[in-house]
Each structure stands twice: as structure tokens, then as C-alpha cells.
Protein chains: 4
Amino acid sequence: MTKVPEEPEQQRRLPQQARSWARFNRILDAAAELFAEIGYESVTTDEIAARANTSVGGLYRFFPDKLAVFHAVVERYLNQLREMFAALHTEETTQLPLEVYIGQVIDAFDQFVTANPSYRAVFVQSRLVSTEIMAMDTAFNQEIAQQLSAFFALRNPALEASQRDLLATVSVEVASALEILSLTRDSKFQHLVLTEAKKLLFIYLRQYFPD
Amino acid sequence: MTKVPEEPEQQRRLPQQARSWARFNRILDAAAELFAEIGYESVTTDEIAARANTSVGGLYRFFPDKLAVFHAVVERYLNQLREMFAALHTEETTQLPLEVYIGQVIDAFDQFVTANPSYRAVFVQSRLVSTEIMAMDTAFNQEIAQQLSAFFALRNPALEASQRDLLATVSVEVASALEILSLTRDSKFQHLVLTEAKKLLFIYLRQYFPD
Amino acid sequence: MTKVPEEPEQQRRLPQQARSWARFNRILDAAAELFAEIGYESVTTDEIAARANTSVGGLYRFFPDKLAVFHAVVERYLNQLREMFAALHTEETTQLPLEVYIGQVIDAFDQFVTANPSYRAVFVQSRLVSTEIMAMDTAFNQEIAQQLSAFFALRNPALEASQRDLLATVSVEVASALEILSLTRDSKFQHLVLTEAKKLLFIYLRQYFPD
Amino acid sequence: MTKVPEEPEQQRRLPQQARSWARFNRILDAAAELFAEIGYESVTTDEIAARANTSVGGLYRFFPDKLAVFHAVVERYLNQLREMFAALHTEETTQLPLEVYIGQVIDAFDQFVTANPSYRAVFVQSRLVSTEIMAMDTAFNQEIAQQLSAFFALRNPALEASQRDLLATVSVEVASALEILSLTRDSKFQHLVLTEAKKLLFIYLRQYFPD
DNA sequence: TATGAATGAGACTTCATTCAT
DNA sequence: GATGAATGAAGTCTCATTCAT
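Not measured: the values here are computed from a predicted model.

What counts and what doesn't
- Residues numbered from 1 in each chain as written.
- Chains lettered and ligands numbered in written order.
- Predicted model: local features only at pLDDT ≥ 70, side-chain atom pairs only at ≥ 80, totals over all residues.
- Heavy atoms only, no water.
- Near = heavy atom within 4 Å.
- Polar contact = N/O pair within 3.5 Å; in protein donor to acceptor, adjacent residues only side chain to side chain.
- Helix = DSSP H or I, 4+ residues; strand = E, 2+ residues; numbered from the N terminus.
- Nonpolar A, V, L, I, M, F, W, Y, C, P; charged D, E, K, R; others polar.
- Salt bridge = Lys/Arg side-chain N within 4 Å of Asp/Glu carboxyl O.
- Buried < 20%, exposed > 50% of the residue type's maximum accessible area, 1.4 Å probe, protein only.
- Contact = heavy atoms within 4.5 Å.
- Buried area = accessible area lost by both parts, 1.4 Å probe.
- Core = buried A, V, L, I, M, F, W, Y, C linked by side-chain atoms within 4.5 Å.
- Least-squares fit on C-alpha atoms with pLDDT ≥ 70 in both.
- UniProt positions renumbered as here; feature names shortened; annotations may be inferred.
- Phe/Tyr/Trp six-rings, centres within 6.5 Å; stacked < 30°, edge-to-face > 60°.
- Lys NZ or Arg CZ within 6 Å of the ring centre and 35° of its normal.
- Domains from an automatic or database assignment.

A.B. asks: Could you give an account of the protein's contact with DNA strand F, with specific residues and numbers?
C.D. replies: Near DNA strand F lie 32 residues; those nearest to it are Arg 61 of chain A, Tyr 60 of chain B, Thr 45 of chain C together with Thr 54 and Arg 61 of chain D. When the atoms of DNA strand F within 4 Å of the protein are grouped by moiety, sugar and phosphate amount to 78% of the total. Within the contact set of DNA strand F, a phosphate oxygen lies 2.9 Å away from a backbone nitrogen or oxygen of Thr 45 of chain B. In the environment of DNA strand F, a phosphate oxygen lies 3.0 Å from a nitrogen or oxygen atom belonging to the backbone of Lys 66 of chain C. For the surface near DNA strand F, the secondary-structure elements that each account for two or more residues are α3 (56-62) of chain A, α2 (45-51) of chain B, α3 (56-62) of chain C together with α1 (18-38) and α3 (56-62) of chain D. Examining the composition of the surface near DNA strand F, we find that four residues originate from one element, α3 of chain A, more than from any other. A breakdown of the residues in the surface near DNA strand F according to their chemical character gives six nonpolar, 13 polar and 13 charged.

Structure follows, in C-alpha cells:
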């Protein structure tokens, strides 16, 4: 639980050259994997550097300390998720039947989690690694819930704001939990659980959104 | 109250005297708190001992190493949860209306989690701390899901086993996720979320259990 | 390399009762074995106590600290050796042919070392354990050499004192080294080496003691 | 000069640069001194590092643990002794009169021991430090005795092998013991004892090697 | 008086971070 | 700019010694 340096110094220098950028990303990839595999504290900066085919010194050119690497990993995930959700909420989305919409969201999230196997294991640690990162994480969850809540408002303007927020928060949590559950066994199980997740959310939400 | 395991060298010596027993539990309490607060790796054995009002040496009389302390913490939680579920599934339970049954389970779990605030944060770490503990954890989840599945069988013998198991697993996961969510803000929020959890599970499960 | 408490406190109380005395000796036996097996520093007071069928507390009733146990072990060996040498040097000994005398001494020493298998391994450590014990050890060697030198004087009064002392010292050292060598393999080897030792010393000493 | 071993993980990394090499040797020197002065167990890795003008971390770059340092110290001595003995046994040596040969060997060994004052105290510990090191030590002694035995064979082909081996083993032991003894007092004593050692071995061996 | 639980100093070892090359 | 050797603070665990029971 170390303090993180102030924003401007968060990353020592944004890589300006292609080579640097590649290395920067390799470090983040390596770090994400390792954090997921053995946990933040157990990962050594040497290991990250080695897996990223660079040296400790190389790592410290981009990040002021180990915590900053974790921070950057989390931030990259959040940005990717943000993009994903943005892509999902175009104007036309409002017109989709609830069932279809739910299916799209769950599938998109599933693709993300499948494509980023370390995502989940990294996130469960954020609370423990630093309060600042925990806050970032919580804020993101609320941001997503807000987006969903706004979306609900469009669908049913009669719904009270507090009610909408609650629905959104609960939905996000349930979707997230079942997505993670789906990954714990084979791909048949994965499919079954995701199907069940869609049914569950649909049956739950349709009370509030009569068509 | 809670059973203490005797795997070879899991624990060095079981407390024989009331005094020792108290110390043993103080260590477990302190450890659970600390693991939850700052994570397994960040906790030092000195800290655990200090918070338990004893010395490192005292800790090492009961546990061969730091990992064994974590193990014992997890095991104590699992045993407490087992007891709780056992108490919940008496003969009469089968007669209860589904809605009432769901309410009882969620309330019981809520009481447990409220009484053991470190529970969740300890569990999300088990995967990272040791594969053995992760396995223990996974096995427990399946044990609980099995119990629930068996209970479902009594309610609706027509349901296929695989179907029941899926329902049970999903329900446990959803209940768990929402319970955790309920604790993230104030007690009003807690109440709202738990109420929503009950509604959600009821509406989901009643499809399979007509009355 | 800790300082040893002054003589009067060397042993906390000389055991006055038979039971105490037995325990005292059991401790010394256990300690000698352990020191020989794994070395002074590696031996724990708990181990000594356990092997002597008593408790640490019991050990500390007889000895102020661990070093005092080592000290007592060494002292017991030295006293036994003193007795042995005294028994060997009666009046008549002076009349024995040199060859017979040498044979008697070597055989006696061999019996002692065989009967006290830990003796050697304990002694090689004394230099490292405490300077005081090292001094005790050195003093003993000189004491023995002195006795031998005095014995030489009786046999050949013409020999200069310094010459005698040198002969005695060298003889003790050689006998000791070969005795230890004899123990490193099987009993056949032991016999061969001891025989060789007798021949070696005889051929060496007879120059100075013409019959 | 001295060969450095490369058993798996015996040493972490061989020094590549002159600077590192110097540090490596400083560590070995410091360690040898300390082991001789206060014994393996009493030496701390911090002390070794400090006396070698480096940090603990520096020590652990070269050696995986404290035991490996001891191992390396012993190995360095053995290699130096091997070199010494090899240099002593050229073709012409066979022609030397026995008395001259004995004188050369004892003087060479004396030079080695004088130049390496920690040698003896390190070796008497090997038995206690690790069985592997003890074995290495024993094997070396036999290697030397074998060499000597082979040399005896050239001098007197009529001698039986077992007889030769015994002579060689006894001679090595006696030479070694007296060399050690010679170092326990002043240089006058040293000279006297070494002279006596030469006489002793000559008178003993000449029986078997009638010029 | 005997026992063995408790204490805590201190040992070994790791690893984040720096900096000479 | 890149490398990786060096530093040393800090963590885990042991064990001599004490003392309540």
C-alpha cells in the first residue's frame, strides 16, 4: 500500500518512438500476466522485465516504481472496457429489444474477458494493492453503472432515478459474477452459464421495461 | 465450535489449555483482519502477532509458517459456513415456500458476512496464495452447490440433475456477488440490494419450481 | 564465543541426590552425542533435554547456559582421560620394555576413544566454541605431554628437558592422529593402523631410549 | 589460478569482469578467515560481506546461500593443494633420495599452511557443516594418499599395494598432524617440530625403501 | 521442583531501486 | 539510452532463556 506519485510523474515519459511504444506495451503485457499468475507482491520487477525482454533499468525508464506498473495495467484495461462499452451504445441500440441488447452486452464482455485472461485476477487485487487504485476501480464501476442507468432512462422514462441506478448496479454485478463463473470450467460450461446469465437478466429486467 | 484440522504439520500443536486456545483464536482473528486489509503478502508475521497481543514466537508455536495461518483462517471460515448451511437445511425447510426459503438463506449469509467482514477479501486471495488453498475453496463452493442442488431435487424431482446443478451454481454465485455488493456502501444500500437479490433469485428460480 | 560464568556458578548446583545425578549425567551424554553429530551451534537446548528425557527447564537447573553444558562435557572427558593416564603410570611401568609400554598406552587410548565415540568430534570444536574451553583443552594436552616427558626422564636421565618435551609432544600428537585415523573405516583398518602406530612410535622413540 | 566449479546452483554466476572477480575472491578470503575464527554457524553472512567490503546482496549474487560459500572456500583450498602436489611430483622426483623427498613435501605443505592460516580450522569443520562437503574432503584425502602410494610403487615395486596404501595414509596423517602442531606456538617451535616430523617419517619409511 | 509455553533478538535471504559502465 | 551489478531495508523463522503454573 504505497503512495503513488502524482499524475504528471505517473509515467516517466510517454514513449514517443515506435520501439519505445512496443517495449512499453510488452512490459504491460508481461506485468498483467504475472500479476494474474502469482499476485502483485510476489512479482519481481526483474521478472517483469525478463518476460518483456528488457532489463530492470528499461522498466524504470517508463515507470517510477512497481506500483506504477500495476496502475498502468489497470488503466489500460479500464480504457479498453470503456471503448467496448462506448461501441455498444450507439443511437440505434435504444431501439433493440431488451433481450437482444442484453445478449450483445454479455457477449461483448465475454469476448473482452476471453481476450484478456488476466483481467479478472488483476482486478481482484486492486483493492489490496493501493487505495488509489481501488478508488479508480470503484469509480469505473460506477461510471459503467451510470451509463447503463442512462440507457435505462431512455427505455423507460417513468422509472425513478434511484430505482434505475439500483437496477444498473445490480445488473452489472450479476453479469460480472456470472461471466467470471463461466470461465472456471470448460467451454461447454462457459456457454451454459452465459446463456443462463442472459435469461436471468432478461427475466429480471423485463419487469421494469415492458417491451 | 470450529473444528481444527490436523494435517501433518498444518498446525504445530493444538492448544490444550483455555489460555492457549484463546491466543490461537486471537491470532486467527488478527490474521484474518490483516489479510483482508492489506493482502497476504503485505502482512508480516510480526504484525499478526502484535495485533494478536503476542510475539512472533507465539505465532510459530501454533503454525509452522505464514501460509499455515492463512490456511487456518480460510478453514475456520469454511467450517463456520458449513455449520450455517447445515442449520439452514432441516427437514421442515423443504416445506417452505420458495420465496421464504430464499429470504432465509440470503439473510443467514448476510449475517455471516456482516459478522465476518474480512471473509470476502480473504477469499478472493486464495487463488494467489496457494493452489492448495484455492482447491479447498473451489471444493467448498461445489459442496455448497451440491447441497443446494439436492435441495432442489426434493422440490422438483422432475428436474434433470445437470439442470439442477447449473441452477444451484448460478444461484450461489449471484447471491454471493450481491451480498458482497451490498456491503460496499451504507446500510440503506445494503438493505436495498439484499431485497433486490431476493427478488431476482425468486423470479429466476420460480420458473423451475412452480409453487 | 560467549563468556562463561565464573567457577562457583559454573554448575548451578552439584546434584546431591541420586536422581539428580542420574539426570545430570543423562544430559551430559545426550549433549556429547549431539555436539558430535551436528555441532555445537546446531544443537538446541530443547534437543538436548529431549534426548536426556527431561525438559529445557530441567537442563537449566544444572547449567546456567548452553555453553556451560559444552564445558561440562569437555571437562568430563578430560577427567576420564586423566584417570586413564594415571592408571597407566604406576611405579612398575618404568620397568616395562619401551615397546610394551607404547602398546599399553595406545591400547588404553583406543579403548577410551572407542568407548566414547563422541570424544573426538567434541574436541575439534572446542577451539571454536569458546576461547576458555580452547585454553582448557590446550592445557590438558600440555599436562599429558608433561606427564609423558617426566616418564621419559625416568627412562633416560641423560636426555635434556627441552628434548624430552619435544619428543613427548610429538608422540602425543602422532598417537592421537593415528588413533583418530583408525576410527575412520572398518575394524580391520582400525587394527592395521594401530599396529602401524605402535611400530612407528617404537622405531622413533627407541633412538632416544636404548633399551 | 584456481578453478571455479559449476555444479548446478553451486554458484549463482561466475564473475565475468575483473572487478567482480576481485570481489568474488575477497568474499572467499573473508569467509575463510571468519569460518576459521569463529566457526561456520557463528559466522553471519553480513559479517562476511562486511569484511569483504561489500553488501549481503553482493554475496548473494555469487552464492545461493551461506553453505555454498563454505563449499567454495573448501574447494578453493583443495584445488590449491592439488596444484601444490602436482608440482611436487615431476618425473625427476622419483630419483631423489627418500630423505630429500620427504623434506620437500613437508616444506611445501608447510608453506601452504603458513600462507593459508585458516586452512586447518576450516577443514576440521567440514564434517559438521554438510555431509557433502565432508565427502569431498574425505575423497581428497584419499586422492592424495593414492598419489603418494603410486609414488611408493615406483620406489619399491616389490611392496604390496595394500601395504603401500597403508603407509601412504599413515604418512599423510602424521605429516598433517605435526604440521598443525608446529603452528601452535612460536616459529622456533615450528622449526623444531618440522625437523622432527622429517626425521620421524624418514626413519619410519626407510624400512620399506632401502635406497 | 519440573514443565514447557512465551518472548524477542538476530540470522538468512529477497528484491525494489539506483547508477556506473 | 540500455544494461544489470550493487545496495540494504525488511521479512520469515529459530532458538536460548525465562517464568507462570
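Past the structure itself, the notes keep going.
A.B. asks: Any details on the pattern of salt bridges? Residues and values, ideally.
C.D. replies: Throughout the structure, instances matching the rule amount to 24 salt bridges over all chains. Glu 33 of chain D serves as the salt-bridge partner of Arg 51 of chain D, at 2.6 Å between the closest nitrogen and oxygen. Note that Arg 51 of chain D is positioned in helix α2 (residues 45-51) and Glu 33 of chain D in helix α1, a separation of 18 residues in sequence. According to the relative accessible area criterion, Arg 51 of chain D is partly exposed, its value standing at 36%. One salt bridge connects Arg 51 of chain D with Glu 37 of chain D, and the closest N-O pair in it is separated by 3.0 Å. One end of the pair, Arg 51 of chain D, is in helix α2; the other, Glu 37 of chain D, is in helix α1, with 14 residues separating them in the sequence. The class for Glu 37 of chain D is partly exposed, based on a relative accessible area of 37%. What you see here is one network of salt bridges that share partners, running through Glu 33, Glu 37 and Arg 51 of chain A.

A.B. asks: An account of the interface of chain B and chain A is requested, with residue identities and associated values reported.
C.D. replies: Residue-level contacts link 33 residues of chain B with 34 residues of chain A. Contact with chain A buries surface across chain B, with Leu 128, Leu 166 and Glu 196 of chain B losing the most and accounting together for 19% of the total. Viewed at the interface, chain A and chain B are joined by zero salt bridges. Inspection of the region where chain B meets chain A yields 10 residue pairs in polar contact (both at pLDDT 80 or more). The leading source of residues in the side of chain B that touches chain A is helix α9 (residues 161-182) of chain B, at nine residues. Looking at the side of chain B that touches chain A residue by residue, the class counts come to 20 nonpolar, six polar and seven charged.

A.B. asks: Tell me about the nonpolar core, and please be specific about residues and values.
C.D. replies: Judged by nonpolar contacts, the single largest core of 141 residues is most densely connected at Phe 35, Ile 48 and Phe 63 of chain A together with Phe 35, Ile 48 and Phe 63 of chain B. Ala 36 of chain C together with Ile 48, Val 113 and Val 129 of chain D belong to the second largest nonpolar core, which has 139 residues in total.

A.B. asks: Would you mind going over unusual backbone geometry in detail, with residue names and values included?
C.D. replies: The phi dihedral of Asn 53 of chain A falls on the positive side, at around 55°, and the residue is not glycine. Its location among the elements puts Asn 53 of chain A in the loop between α2 (45-51) and α3.

A.B. asks: Any chance you could break down the relation of the copies chain B and chain A for me, citing the residues and the numbers?
C.D. replies: Each copy of the sequence occupies a distinct position, and chain B is placed on chain A by a rotation of 179° and an axial shift of 0.2 Å, giving an RMSD of 0.2 Å. Such a combination of rotation and displacement between the chain copies is what one expects of a two-fold axis. When you check the interface residues of chain B against chain A, 100% turn up at the interface there too, and the contact is symmetric in its surfaces.

A.B. asks: Can you tell me about the relation of the copies chain D and chain C, naming the residues and giving the values?
C.D. replies: One copy of the chain maps onto the other through a rotation about an axis followed by a shift along the same axis. Turning chain D through 179° and shifting it by 0.1 Å along the axis lays it on chain C, with an RMSD of 0.2 Å. The overlap is high: 100% of the interface residues of chain D also sit at the interface in chain C, so the same surface is used on both sides.

A.B. asks: So what about the interface of chain D and chain C? Which residues, and what values?
C.D. replies: Taken together, the contact pairs 33 residues of chain D with 34 residues of chain C. Carbon and sulfur atoms make up 70% of the surface buried where chain D meets chain C, a total of about 2900 Å² over both sides. Considering only the side of chain D, the residues that lose the most area to chain C are Leu 128, Leu 166 and Glu 196 of chain D, jointly responsible for 19% of the buried surface there. Inspection of the chain D/chain C interface yields zero salt bridges. Here chain D is connected to chain C by 10 residue pairs in polar contact (both at pLDDT 80 or more).

A.B. asks: Help me get a handle on the UniProt feature "domain: HTH tetR-type" (unreviewed entry) in chain A, residues and values and all.
C.D. replies: In this numbering, the UniProt entry assigns the feature "domain: HTH tetR-type" (unreviewed entry) to residues 21-81 of chain A. Split by type, residues 21-81 of chain A is 79% helix and 0% strand. Its first and last C-alpha atoms lie 21 Å apart.

A.B. asks: Which residues make up the packing of aromatic side chains, and what values do they have?
C.D. replies: Considering all chains together, one arrives at 63 aromatic pairs over all chains under this definition. Consider the rings of Tyr 77 of chain C and Tyr 119 of chain C, whose centres lie 5.7 Å apart with planes at 80°: the pair is edge-to-face. Pair noted here: Tyr 77 of chain C is in helix α4 (residues 66-88) and Tyr 119 of chain C is in helix α6 (residues 119-129), with a separation of 42 residues, a long-range link. The burial state of Tyr 77 of chain C is the same as that of Tyr 119 of chain C; both residues are buried. Among the aromatic residues, those joined into a ring-pair cluster are Tyr 77, Phe 109, Phe 112, Tyr 119 and Phe 123 of chain A. In this arrangement the basic side chain of Lys 66 of chain A is found over the ring face of Tyr 40 of chain A, its NZ or CZ atom lying 4.5 Å from the centre.

A.B. asks: Describe the domain arrangement of chain A, and please don't skip the residues or the numbers.
C.D. replies: Residue and element names in this part refer to chain A. We note that the domain assignment places domain 1 (13-63) and domain 2 (68-211) within chain A. Each of domain 1 and domain 2 has a C-alpha centre, and these two points are 28 Å apart. Across the boundary between the two partners, domain 1 contributes 13 residues, which contact 12 residues of domain 2. Around 1000 Å² of area is buried between domain 1 and domain 2 when both sides are counted, 73% of it from carbon and sulfur atoms.

A.B. asks: Quick one: what's the story with the protein's contact with DNA strand E, residue by residue and with numbers?
C.D. replies: Looking at DNA strand E, there are 32 residues lining it, with Thr 45 of chain A, Thr 54 and Arg 61 of chain B, Arg 61 of chain C together with Tyr 60 of chain D nearest. Protein-proximal atoms of DNA strand E, defined as those within 4 Å of the protein, fall in sugar or phosphate at a share of 79%. Within the backbone of Lys 66 of chain A, an N or O atom sits 3.0 Å from a phosphate oxygen of DNA strand E. Among the secondary structure elements, those contributing two or more residues to the surface near DNA strand E are α3 of chain A, α1 (18-38) and α3 (56-62) of chain B, α3 of chain C together with α3 of chain D. By residue number, the principal contributor to the surface near DNA strand E is α3 of chain C, which donates four residues. In terms of residue class, the surface near DNA strand E is built from seven nonpolar, 13 polar and 12 charged.

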